[in-house]
Every structure is written in C-alpha cells, then in structure tokens.
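Residue-level structural notes
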Amino acid sequence: MRLRKGLNDRLLRWKMAGGAKEVIAGMVQRGSRNIMVVIGASIIIVMVALAVLAPVLPIADPTPSEVHPEDQTLPPHWFRYFGYNVSKGDGHLFGTDELGRDVFSRVIWGARVSLLVATLAVFFSMVIGVLLGLTAGYFGGWVDYIIAGTIDLFWTFPAFLLALAFAAALGPSLTNVILAISISYWAGFARLMRGQALSVRERLYVEASRALGARNIRIMFTHVLPNCLAPLIVWASVGVADAITIESSLSFLGVGTQPPTPSWGYMLYRGIPYLEEAPWMATFTGLVLLITILGFNLLGDGLRDVLDPRMKGMRR
Amino acid sequence: MADLISYVIRKILLAIPVILLATFIVFLMLYLTPGDPIVNILPPHASADDIAKLREKYGFDEPFIVQYGKFLARLVQGDLGQSVSRQTLNLAVGDLILQRLPKTLELMAIGLGISYSIGIPLGVYSALKQNTWKDRSVMVFTLVAYAMPSFWLGILLMLLFAVYLGWLPIEGTVGGFNSIILPAMTLGLGNAALTTRMMRSSMLEVQRQDYITQLRSRGLPEREVIFKHALKNAILPVITVIGLDIGWFVAGAVVVETVFSWPGLGLLVTNSINNYDFPTVQGCILVLAMFVVFGNLMADILYAFADPRVRLG
C-alpha cells in the first residue's frame, strides 16, 4: 500500500511538472507567432539584460562621489545636429544631469531598481492573491464569503492610491515600496484564481482525485493551480507593467526610491526644472520608461490573445 | 421600476464596507507611520511622565480598536482633524480640502470631456475601418497612450506647448483657462486610450447583431445604419463606465497636479506627504477614496438603468 502511494505520488508530481512545462512550452510556441508577444518579449529581454549587466557594462558611474561643475547639463553628443554646442559632451549618449552624472548610465541603473521592485512586488502580490483566491474558490462557503468580500474591497480601489497611502505611511524606502505595491495589487490575482478554482473544483478529475483520498491541499496545488497557470502568467506580465508605473509614480512624488539610488521616477522629477536648459534629462528617461512598460503590456496582451481569443480587447 | 430601486439600495448598502475599509486603511496610516506623534509634539527634553500624560490626553494609550472607534465618530461629524504642517498649522483639514476640491473637480471634468471626445469618435472610426492600416494605427496609438506614464506625457506636453511653442503657461493657474488645458489633456489622454478600445469593441459587437444586418438588407443607407442605429446601442456600455473612469482620474490627478503645480487635492497630498502632515494626507486620501466609491456606485446604477437584466442578478 505504502509502495503504491509512493509511486502515485511520484507520478502525480511528474505529471504536474509536465503540465506546467506543457503550458509554458505551448505559450512559447504559439506566442512566437504573435507579433505583439515577439516585440514585447524582445524589449523585455533587452531591458533585463541591460539591467543585469549594468555593473560590467562600460558605462559611467551613475552615482559618482564628486561633482564636476564643468560636466553639468551637457547635451548628448549627437545633439550637434540640432545646433547645440557639444564641444565637451563627448561620450554622453543621453547627456548629463544637473550634477554632471551620465544620464544613459543612470537610466540603465534605474532599470535595475524598477525591474527589481516591479518583479518582486508582482511576485508577492501573486503569492498573496493565489493563496487567498485558491482558498476562497476551492472551499466556498463562509471562507469564500469573507475572502471574496475582502478581494472586492481591494479591487475597488485604484492600486496606485492604496500604494500611495501605504508608501506615505511606511516612509520612503525600496522595501516599503515593494510592500506597498504588493498589498495594493494582489486583488487582481485573487479574483482570477478564485474564478478558476470555482470552475475547476467541480471537474471530474478533481472528484476522482478526492475519491482516491487526496487531501485538499494536494488537490489545490496539483490540479487547480496548474490549470490557472496561463492566465496567471498573462496577469503577471501586465502586472509588472502596472507595478513599474506605480513605482515610478511613487518615486516621482518623492515617496518611492530615494536618491542617490537612480530611479526613473525621481530622475523625471528632477528633469522638470531643467526642461528648458536640459530637456534630455526628462525626455530620454521617460522614453525608456515608456518602452519598458509597453514591452510588458505587449507581452501580456499578446499572450492573452494567443491563449484565449475570447478575452481579446477586454481590459478593465 | 421597483426592482431598480431595490437594486440601487442594495448597491448603496454594499458600498458601506468599502467606505469602512477606506477609513480603516487611512487610520492604519497613522499607526504605521514611523515615530510617535506625541514625541514629535513635545520638546526633546520632555520627561517620560509628560509623554505619558499627553498620551493619555490625546487617547493614544487606549487600545487600537477604541482609538479607531473615536476616529470614526469624529469622522461622522465631518471632523477630519487638524493640519500639523508649518504653513497651515492647526487649520481644519476639512477646510483645506474644501478649498482645493473645486480645482480638482474642474480638472477632472475637463479631462473627462477630452477623454470622451477623443475616445468615442476614434473608437467608432477604428471599428468602421476594422483590420485596415487605419484601424491598426489607432490601436498602436491606444497601446502607447495607455502605457505612457502620465507624468512623462505631462512633461512632453509642457516641453512642446510651453517651452518650445510658448502657447500655453508651463504650470500653476495664472493663465486662466489656458492653464488647465495641459493638465486636463495629460489626464484625459491615457483614459482616451481605454475609451477608444471599449468603443471599438462595443461597436464591432453591435455591428454583428441581426438587427443591423436586417437594416442593411432593407437598403438603409450605411450612414443611417451606423449613426442612427448602431452607434446608439454601442455607445451605451461605454457611457455607463464613466463612473469607473473616476478611479483612473483620481489616481491620475495626484500625479498630474504635481507635475503642473495645479492647486487641487492631488498637489495637497504630495505637499502634505513631504511635510509629514499626516492628518491632511489621511483626509485627502479618504476624500479621493470616496470619489472612487461614488464612481463605482454610479457605474453600477447607470449600468442597471441601461440594461434591465443586471438588476435581477
């Protein structure tokens, strides 16, 4: 009996792994034929590579310890075609900021912060959302009543407003930003998970599994969860885009990442007083920010179209 | 009609826990704030006895739930507490908010107008030209406009219209009506992308309906089919979500007002955060949350009004 149980265990584990692998393999295969997925994924790969490789790339120090007055607000070297005097601006692709720091290098180091915060925040909100949504949808009854109510409450409020309230209260720091976004963003994942769990728990294979004596936890994680993998990945991709927007907005308002850590939001904020004098400070930072957000949105939208054509164009 | 009224009452009752959650989160803010408010009020050499006395006076020694109850009781009377910022010390937060509210409402109203007057025609156009390059370019525009962070869009508009062209004032309110154009455009454009997408899919949906085919087969001119029959039905679901847009605008207003130094609630929040004026932050966030609750309620009611089927659900 014990032997059979062990075998059954291994088989199940193998099947689950196969299921997850199958889902991801299917996404890659079908996604590679969708132009949005291809463009989105390419942007993400480039951005992640730049962010990861930032310390070894041959770029200037983003936070030099001393300020050289002669380097302040130098235009990008290719601005000479627009009539700028760039005699000293050699080697600065995006120019320099008000403290003489290389904007290009700061944008790349800023990507590290943005992507890290966004990915971790989405990961944590996914964990919260999946656990709560799965529990609510699978068990039903009063458990569902309470959790679903909480989900709806959090879903009602714009995540940004919640994150702003939490970030303001917790005080500005990288960890607090991640925390604030995670607490504010989980409801979407929970809704998704709950809906899926509700529909999957009535399926025959769940019943069969229960008849074989599988415990609830096991059914939840071997049957219900793998079935929701595809929509979860779609949500996560769009979620990272939202989290980047929220993080940069918080930093822009001064409650996010704190200087001297390079962050896109704060760099844009610093760029406003220099719009006339040094427009490159804000414009290029924002452009990279936009492209990154666009990349994750494209990937999410594209994958959704590929996985579930019925959901096409629905987003609110 | 009776079912509509009972539906509306049900929805209003359902909004109460949401409002309570908002008050709870806002109350929690003061709790999470690092630093003891009493210690901040007293001079640094205050004795432990003094601190304890003051704590008792302000009720900080009471259990969490009692303090929250008292907070709610004051809230019901419209008392949002007093500002602790240097410029507005001891002024009632409620008054500060009332002072700023009209500016935010003005901004949101014009933003909403811009968003719908771009989104609806563009969505209809895009649906009529489905799968052509015109449709695709509109879709690319919506993708970019949706992804565009509002503060960067604001900066770009500022750069173009205020710095280079010099047509509009760069920030503040000194320019009269001209001052509101840029912030309202910034606020409206992102939402216009959403409206365009919704309008497009709604229009496509309606055009597939049998009664449209029937009208066409009767030989009605295409113009009449589209504008007299299809548009009327397609526009309904787009208009009903106007309430949900308020959520977007509330979040956007905080950022946009900061970019353009527009003296509304959003700027008040940002300034208060930077001045550690938490009672004011609490009050503003609560008011903004009320906007969201009200918007959602409005969307539900409008939807039920337009589509009788949901009343019974």
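Preceding this section is the structure that the text describes.
Residues numbered from 1 in each chain as written. Chains lettered and ligands numbered in written order. Predicted model: local features only at pLDDT ≥ 70, side-chain atom pairs only at ≥ 80, totals over all residues. Heavy atoms only, no water.

The next point concerns the pattern of salt bridges. Opposite charge on two side chains permits them to pair, given that their charged atoms come into close proximity. Applying the stated criterion across every chain yields a total of 9 salt bridges over all chains. In this structure, Arg194(A) engages Asp144(A) in a salt bridge whose closest nitrogen and oxygen atoms are separated by 2.6 Å. With Arg194(A) in helix H6 (residues 174–200) and Asp144(A) in helix H4 (residues 141–156), this residue pair connects regions lying 50 residues apart in the sequence. The salt bridge partner of Arg191(A) is Asp152(A), with a shortest N-O separation of 3.7 Å. Here Asp152(A) lies in helix H4 and Arg191(A) lies in helix H6, a separation of 39 residues in the sequence. In this structure Arg191(A) comes out as partly exposed when scored by relative accessible area, which is 38%. On the basis of relative accessibility, which here comes to 42%, the residue Asp152(A) falls in the partly exposed class. Three or more residues joined by partner-sharing salt bridges are found here, namely Asp301(A), Arg304(A) and Arg197(B). (Salt bridge = Lys/Arg side-chain N within 4 Å of Asp/Glu carboxyl O. Helix = DSSP H or I, 4+ residues; strand = E, 2+ residues; numbered from the N terminus. Buried < 20%, exposed > 50% of the residue type's maximum accessible area, 1.4 Å probe, protein only.)

Further remarks concern the packing of helix H11 (residues 242–260) of chain B against helix H13 (residues 278–306) of chain B. Residues and elements named next belong to chain B. One can describe the packing of H11 onto H13 by two numbers: an axis separation of 6 Å at closest approach and a directional angle of 160°. The orientation of H11 relative to H13 falls into the category roughly antiparallel. Pair H11 / H13 crosses with right-handed handedness. Residue-level contacts link Ile242, Gly243, Leu244, Ile246, Gly247, Val250 and Val254 of H11 to Leu288, Phe291, Val292, Gly295, Asn296, Met298, Ala299 and Leu302 of H13. Here the contact of H11 with H13 is composed, by residue class, of 11 nonpolar, 4 polar and no charged. (Axes fitted to C-alpha atoms, helices over the stretch in contact; angles between N-to-C directions. Parallel < 35°, antiparallel > 145°, perpendicular 65-115°, else oblique. Left-handed = near helix turned anticlockwise from the far one by under 90°. Contact = heavy atoms within 4.5 Å. Nonpolar A, V, L, I, M, F, W, Y, C, P; charged D, E, K, R; others polar.)

Let's shift gears to the interface of chain A and chain B. Listed as interface residues are 40 residues of chain A and, on the opposing side, 47 residues of chain B. For the pair chain A and chain B, the summed buried surface comes to about 4,000 Å²; carbon and sulfur atoms form 81% of the total. Linking chain A with chain B are 1 salt bridge. Counting across the interface, chain A meets chain B through 2 residue pairs in polar contact (both at pLDDT 80 or more). The dominant element in the side of chain A that touches chain B, judged by the number of residues it contributes, is helix H11 (residues 280–307) of chain A, at 11 residues. The class makeup of the residues in the side of chain A that touches chain B is 29 nonpolar, 6 polar and 5 charged. (Buried area = accessible area lost by both parts, 1.4 Å probe. Polar contact = N/O pair within 3.5 Å; in protein donor to acceptor, adjacent residues only side chain to side chain.)

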